[in-house]
Amino acid sequence: MLKCPKCGAKLIEKQYGSSLEIKCTKCDYSVVATNISLIHEDETIYDIYLLNGNIINQKVIMLVKNIFNISSNEALKLVKSGKDIKLYSGNAVEVKSLKEKLNNLNLKFKIVPDHNW
Ligand SMILES: [Zn+2]
């Protein structure tokens, strides 16, 4: 059981969409956590795909190369194959970090099922 750091009473959790509020049952103590704590409880396995039609540049090649641990040439072939490439399957946390990388590189990708973290 979680205890209030201020008064030692029991804490309760309330969920609002993707935020979690932790509140004391006695005093005015409360903390709002966004995503972070809840994402670890998401046990869904997500598949992340790099979509066909992305601009092919050095960064994309490097990314694909590192994910699959293959040579630059093989990565280039894969990216040029004209197919959607399944990059990774993993839990919400793992997929989130890859998603951020792909977003930073402005790449088109999809995640199945929808990953709302
Ligand atoms: Zn309290």
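What counts and how
Residues numbered from 1 in each chain as written. Predicted model: local features only at pLDDT ≥ 70, side-chain atom pairs only at ≥ 80, totals over all residues. Helix = DSSP H or I, 4+ residues; strand = E, 2+ residues; numbered from the N terminus. Rg over C-alpha atoms; globule rule 2.2 N^0.38 Å. Buried ≥ 20, exposed ≤ 12 C-beta atoms within 10 Å, placed from the backbone. Contact = placed C-beta atoms within 7 Å. Domains from an automatic or database assignment. Axes fitted to C-alpha atoms, helices over the stretch in contact; angles between N-to-C directions. Parallel < 35°, antiparallel > 145°, perpendicular 65-115°, else oblique. Nonpolar A, V, L, I, M, F, W, Y, C, P; charged D, E, K, R; others polar. Pairing = 2+ DSSP bridges. Expected span 1.5 Å × (residues − 1). Arc of directions from axis to C-beta. Core = buried A, V, L, I, M, F, W, Y, C linked by C-beta atoms within 7 Å.

Undergrad: Give me the lowdown on the overall build of the protein chain, citing residues and values where you can.
TA: Along its length, the protein chain carries four helices and six strands. Each helix (α) and strand (β) of the protein chain, taken in turn from the N terminus, gives the series β-β-β-α-β-α-α-β-α-β. Computed over the C-alpha atoms, the radius of gyration of the protein chain is 20 Å, more than 25% above the 13 Å expected from 2.2 N^0.38 for a compact globule of 117 residues. Relative to its 117 residues, the protein chain shows a buried fraction of 10%. Taking contacts inside the protein chain between residues at least 6 apart in sequence as the whole, the part at least 24 apart equals 47%.

Undergrad: Provide a residue-level description of the domain arrangement of the protein chain, including the pertinent values.
TA: In terms of domains, the protein chain is made up of domain 1 (1-41) and domain 2 (46-112). For domain 1 versus domain 2, the separation of C-alpha centres amounts to 36 Å.

Undergrad: Outline the packing of helix 2 (residues 58-68) against helix 3 (residues 72-79), listing residues and values.
TA: Two numbers describe a pair of packed helices, the interaxial angle and the distance between the axes. Where helix 2 meets helix 3, the closest approach of the two axes is 8 Å, and the angle between their N-to-C directions is 105°. Between helix 2 and helix 3, the crossing angle belongs to the class labelled roughly perpendicular. The segment helix 2 lies against helix 3, with Val60, Ile61, Val64 and Lys65 engaging Ser72, Ala75, Leu76, Leu78 and Val79. Residue classes in the contact of helix 2 with helix 3 are distributed as seven nonpolar, one polar and one charged.

Undergrad: A description of the sheet that holds strand 6 (residues 109-112) should follow, citing residues and the corresponding values.
TA: Here three strands make up an open sheet; going across it, the order is 5-4-6 and the pairing antiparallel. Single-partner strands in this sheet number two, and they are strand 5 (85-90) and strand 6. Going from strand to strand, the sheet's axes swing by 20° on average, the running direction of each strand aside. Sheet topology places strand 4 (residues 46-50) next to strand 5; five bridges connect them, and they run antiparallel. Residue pairing for strand 5: Asp47 is matched across the bridge by Ser89.

Undergrad: Could you give an account of helix 4 (residues 92-104), naming the residues involved and the relevant values?
TA: Across its 13 residues, helix 4 extends 18 Å between first and last C-alpha, which sits within 8% of the 18 Å expected from 1.5 Å per residue. Taken as a whole, helix 4 has its buried residues at Ala92, Val95 and Leu102. Down the axis of helix 4, the sector holding all buried residues measures 85°, keeping them to one side. Of the residues in helix 4, the exposed ones pointing more than 90 degrees away from the buried face are Val93, Ser97, Glu100 and Asn104. Trailing helix 4 by a residue or two, Asn106 shows a phi angle of about 55°, which is positive.

Undergrad: An account of the nonpolar core is needed here, citing residue identities and associated values.
TA: Counting seven residues, the largest nonpolar core is built from Tyr46, Ile48, Leu50, Leu87, Ala92, Val95 and Ile111. When contributions to this core are tallied by element, the ones reaching two or more residues are strand 4 and helix 4. When residues in this core are grouped by element, the largest group, three residues, is from strand 4. Discounting residues that sit within four places of it in the chain, Ala92 has contacts with Ile39, Asp42, Thr44, Tyr46, His115 and Trp117.

Undergrad: Tell me about the pairing of strand 4, residues and numbers included.
TA: Covered by surrounding structure in strand 4 are Tyr46, Ile48 and Leu50 only, the residues Asp47 and Tyr49 on the alternate face being uncovered. Bridge count between strand 4 and strand 6: four bridges; the pairing is antiparallel. Looking across to strand 6, one finds that Leu50 is bridged to Phe109.

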